[in-house]
Amino acid sequence: AQTVTQSQPEMSVQEAETVTLSCTYDTSENNYYLFWYKQPPSRQMILVIRQEAYKQQNATENRFSVNFQKAAKSFSLKISDSQLGDTAMYFCAFMKGTGNQFYFGTGTSLTVIP
Amino acid sequence: GAVVSQHPSWVICKSGTSVKIECRSLDFQATTMFWYRQFPKQSLMLMATSNEGSKATYEQGVEKDKFLINHASLTLSTLTVTSAHPEDSSFYICSARGPGRRTDTQYFGPGTRLTVL
């Protein structure tokens, strides 16, 4: 079975600062995908960033980047130059390479303070 | 980008009645759709996976007869909450994946808030 753990229920960061959200996972699979989703107050799930496990290079999307440590099964999200619009719940998710199902972490509530 | 819609966005019903929630993929054929349930300040819990034209696969602990899922076409899946009770009040989210879109991800609908009085 796959499990995804987010150990930080709540975090806050000053506007324009950098924050890192943690995520660890447990799997025996070698081929899989990892995701960070953002859920703002509107509740719409928005894909932030995606990482293929076979790629050693960390994914980046503008102000968002990940630190993917496959051996440690760690997948943290770094948000640079935090903006007020980044305030949201952030969910880490895992998907097997051959499967459909997403396994979500419990989420981290991020508040950006003006 | 891929768009998935849900209707209604918010529904209030009386206890004992049934409620149908629609999930539509607007610009791609969704061969697989997923239904999630989310309680306040909690994560998404997968309820069931449905493939077009076949019966849905329910997760352990989800009552098949209470949460009826129909995936009759490549663009529409419905979730019917039968004989709803106050404990069924929750936020229901669908997602979809299919050919023509990245198969390594799911595209989420905006969710439906169900309140059972």
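Our subject is the structure listed above.
The residue count restarts for each chain, going from 1 along the sequence in the order it is written. Naming scheme: in the order in which they are written, chains are lettered from A and ligands are numbered from 1. Given that the model is predicted, a residue must reach a pLDDT of at least 70 before its local features are reported, and side-chain atom pairs must reach 80 or more before they are shown or counted; all residues, however, enter totals for whole chains, interfaces and linings. Calculation of side-chain values draws on the structure's entire complement of heavy atoms; hydrogens and water are dropped beforehand.

Participant: Summarise the pairing of strand 12 (residues 108-113) of chain A; cite the residues concerned and give the values.
Facilitator: Residue and element names in this part refer to chain A. Relative accessibility thresholds used throughout: buried, under 20% of the residue-type maximum; exposed, over 50%; partly exposed, between the two (1.4 Å probe, protein chains only). Helix numbers and strand numbers start at the N terminus; a helix is a DSSP run of H or I with at least 4 residues, a strand a run of E with at least 2. Every second residue of strand 12 is oriented toward a common face, the buried set being Thr108, Leu110 and Val112 and the non-buried set Ser109, Thr111 and Ile113. Strand pairing follows a simple DSSP-based rule, namely that at least 2 bridges must link the two strands. Examined bridge by bridge, strand 2 (residues 10-14) and strand 12 share 5 bridges and lie parallel to one another. When the bridges of strand 12 are listed, Gln14 appears paired with Ile113. Summarising the sheet, strand 10 (residues 88-96) and strand 12 pair through 3 bridges and their orientation is antiparallel. If you follow Met89 over to strand 12, its bridge partner there is Ser109.

Participant: Residue-level account of the interface of chain B and chain A, with values.
Facilitator: Facing the 21 residues of chain B at the interface are 20 residues of chain A. Accessible area, probed at 1.4 Å, shrinks when two parts are joined; the buried area is that loss added up over both. Taken together, both faces of the contact between chain B and chain A bury some 1,700 Å²; the carbon and sulfur share is 48%. Among the residues of chain B in contact with chain A, Ser43, Asp104 and Phe108 of chain B are the three that bury the most area, contributing 29% of the side total. The term salt bridge refers to a side-chain nitrogen of Lys or Arg lying within 4 Å of a carboxyl oxygen of Asp or Glu. If you look at where chain B meets chain A, you find 0 salt bridges. In the analysis that follows, any N or O atom pair within 3.5 Å is treated as a polar contact, provided that within protein one partner can donate a hydrogen and the other can accept it, and provided that, for residues neighboring in sequence, both atoms belong to side chains. Scanning the region where chain B abuts chain A turns up 6 residue pairs in polar contact (both at pLDDT 80 or more). Looking at the side of chain B that touches chain A, the elements that each hand over two or more residues are strand 4 (32-38), strand 5 (44-51) and strand 9 (90-97) of chain B. With 4 residues, strand 4 of chain B is the single largest residue contributor to the side of chain B that touches chain A. In this description, contact between two residues means that some pair of their heavy atoms is separated by no more than 4.5 Å.

Participant: Could you give an account of unusual backbone geometry, naming the residues involved and the relevant values?
Facilitator: With an omega of 0 degrees, the peptide bond running from His7 of chain B to Pro8 of chain B counts as cis. Tracing the backbone shows Pro8 of chain B in the loop between strand 1 (4-7) and strand 2 (10-13). Of note in the backbone geometry, Asp81 of chain A takes a positive phi value of approximately 50 degrees without being a glycine. With respect to the element layout, Asp81 of chain A can be found in the loop between strand 9 (74-79) and strand 10. The exposure class assigned to Asp81 of chain A is partly exposed, which follows from its relative accessible area of 41%. The phi angle at Ser83 of chain B is positive, at roughly 45 degrees, despite the residue not being glycine. Structurally, the position occupied by Ser83 of chain B is in the loop between strand 8 (76-81) and strand 9.

Participant: Break down the sheet that holds strand 7 (residues 67-73) of chain B for me, with residues and values.
Facilitator: All names here are of chain B. In space, the 4 strands of this open sheet follow the order 1-3-8-7, with antiparallel pairing throughout. Either end of the sheet is taken by a strand with one partner, and the two such strands are strand 1 and strand 7. Each neighbouring strand pair of the sheet contributes to a mean axis angle of 15 degrees, computed without reference to strand direction. To get an axis, fit a line to the C-alpha atoms, keeping to the stretch in contact for a helix; angles then go from 0 to 180 degrees between the N-to-C directions.

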